[in-house]
Amino acid sequence: MRKGVRRSGKQARKSRPTRLRAFRPNTKSGMWATGDISKTGIVFDADGTRVPHPIPYQGSKRNLSSQILSYFPNHISTLIEPFVGSGAITLAAAVRGLAENYHLNDLNAPLVELWRTIIEEPNKLAKKYETIWHEQHADRREYYCEVRNEFNHTRKPHHFLYLLARCVKASVRYNSKGEFNQSPDNRRMGAMPSTMRDHVLGASYLLRGKAKCTAEDYKTLVQRASAEDLVYMDPPYQGVSGDRDSRYLRGVPFDEFVEVLRDLNKRQISYIVSYDGRTGDKIHGRTLPHTLQLKHIELAAGRSSQETLLGRTAVTYESLYLSPALEKRLGPSRTHCKATVEQLVLLGASR
Ligand SMILES: C[S@@+](CC[C@H](N)C(=O)[O-])C[C@H]1O[C@@H](n2cnc3c(N)ncnc32)[C@H](O)[C@@H]1O
């Protein structure tokens, strides 16, 4: 059974969005405005900036994006994201015009194809998502399984977008044969077609003509970074990193990662790494070694839902590491003052 086939006549007319909303820059505030977008669930960063976010994704850095961006240097030739996932940092940077170009990379090839389609064929993708979304209603569970089967044969981007919008915790999982095997969350219908259209068109507006999408291993990609670029790395959590991992196809072994960072240091590349962190006193994963001479900053990420459920108050902190070349590029006023404020906030929050 083919999914996402365009229907004709009355049915198709019924499902058409009432009107298209085009993203356009609000020149006064420097933010992006879109008609009555606030009603459609468009994402706001912590500092109130509107950012499109078309791909639902577990582990997205959306909530920390404005804190992370505050460590970006002024002139970036290309912002390189070797572990792009849902591209929360790339999109937040593009909204603020922080880089001339953007390189989106992920080892998950269907995800990269989805990114390419979002950027190059947004209208087509939004239309296909709309069709598929309306087709699901007779039996959502059954429909999801059919789309998942079809995706495992064809790897079509609109099927993947629908699966991510409907699956448990928006969490990508593959079996040992490389087939997507995540279950549906039957409480989720997936974003409304009009909302998805806004996010897809917004992302395309921001990145078209400035973005390159690749599906390489991060190690080969970062070898091409230059001194004017910034590399932002958010590898899979160490808890899920091994030689093969069901969520990410392949993990990132700790020792290998440290060697890659050492090489970037030798080449004086500016980079930022998000790498695990802690909840209260409990440290998640290994911290990066002092020999790399990175600046370690902790970002308060709030209380985890797990902790809240257990009635605990422990706050989760995510670790951010700045490379020596980046620290030099930012200068003492940017790193020292900022980091001190983060630490003071932490001291207050952990009391
Ligand atoms: C924690 S997620 C990144 C989330 C992202 N920062 C966001 O905001 O959505 C890690 C990503 O790394 C990708 N990945 C895993 N191993 C990789 C590798 N060796 N090279 C490149 N990407 C890899 C996974 O497919 C996954 O999308």
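Conventions adopted
Residues numbered from 1 in each chain as written. Predicted model: local features only at pLDDT ≥ 70, side-chain atom pairs only at ≥ 80, totals over all residues. Axes fitted to C-alpha atoms, helices over the stretch in contact; angles between N-to-C directions. Helix = DSSP H or I, 4+ residues; strand = E, 2+ residues; numbered from the N terminus. Parallel < 35°, antiparallel > 145°, perpendicular 65-115°, else oblique. Left-handed = near helix turned anticlockwise from the far one by under 90°. Contact = placed C-beta atoms within 7 Å. Nonpolar A, V, L, I, M, F, W, Y, C, P; charged D, E, K, R; others polar. Near = placed C-beta within 6 Å. Buried ≥ 20, exposed ≤ 12 C-beta atoms within 10 Å, placed from the backbone. Pairing = 2+ DSSP bridges. Right-handed = clockwise from strand over helix to strand, strands pointing away.

Chemist: Looking at this structure, I do not really get the packing of helix 5 (residues 122-135) against helix 8 (residues 193-207). What am I missing?
Modeler: For any two helices packed against each other, one specifies the crossing angle of their axes together with the interaxial distance. At a closest axis distance of 9 Å, the pairing of helix 5 and helix 8 adopts a crossing angle of 160 degrees. The pairing of helix 5 with helix 8 is recorded here as roughly antiparallel in orientation. Judged by the twist between their axes, the crossing of helix 5 over helix 8 is right-handed. Contact residues: helix 5 offers P122, L125, A126, Y129, E130 and W133, while helix 8 offers P193, M196, R197, V200, L201 and S204. Among the residues forming the contact of helix 5 with helix 8, the class breakdown is 9 nonpolar, 1 polar and 2 charged.

Chemist: When you look at the site of the ligand in this model, what are you seeing that I'm missing?
Modeler: Around the ligand lies a shell of 20 residues, among which F83, G85, S86, A88 and D234 are the nearest. Looking at the shell around the ligand residue by residue, the class counts come to 10 nonpolar, 5 polar and 5 charged.

Chemist: Got a minute to help me understand the pairing of strand 7 (residues 211-214) in this structure?
Modeler: Taken residue by residue, a regular strand's side chains alternate between the two faces of the sheet. Because side chains alternate across strand 7, one face comprises the buried residues A211 and C213, and the other comprises K212 and T214, none of which is buried. Of the strand pairs in this sheet, strand 6 (residues 99-105) and strand 7 are connected by 4 bridges, and their pairing is parallel. In the strand pairing of strand 7, H103 is matched with K212.

Chemist: Just checking my understanding: could you explain the pairing of strand 6 for this structure?
Modeler: Of all the 7 residues making up strand 6, 5 are buried; the element is thus mostly covered by neighbouring parts of the structure. As paired strands, strand 5 (residues 76-81) and strand 6 are joined by 5 bridges and run parallel to one another. Along strand 6, the bridge assignment pairs E81 with L104. With respect to chirality, the unit in which strand 5 leads through helix 3 (residues 88-95) into the neighbouring parallel strand 6 is right-handed.

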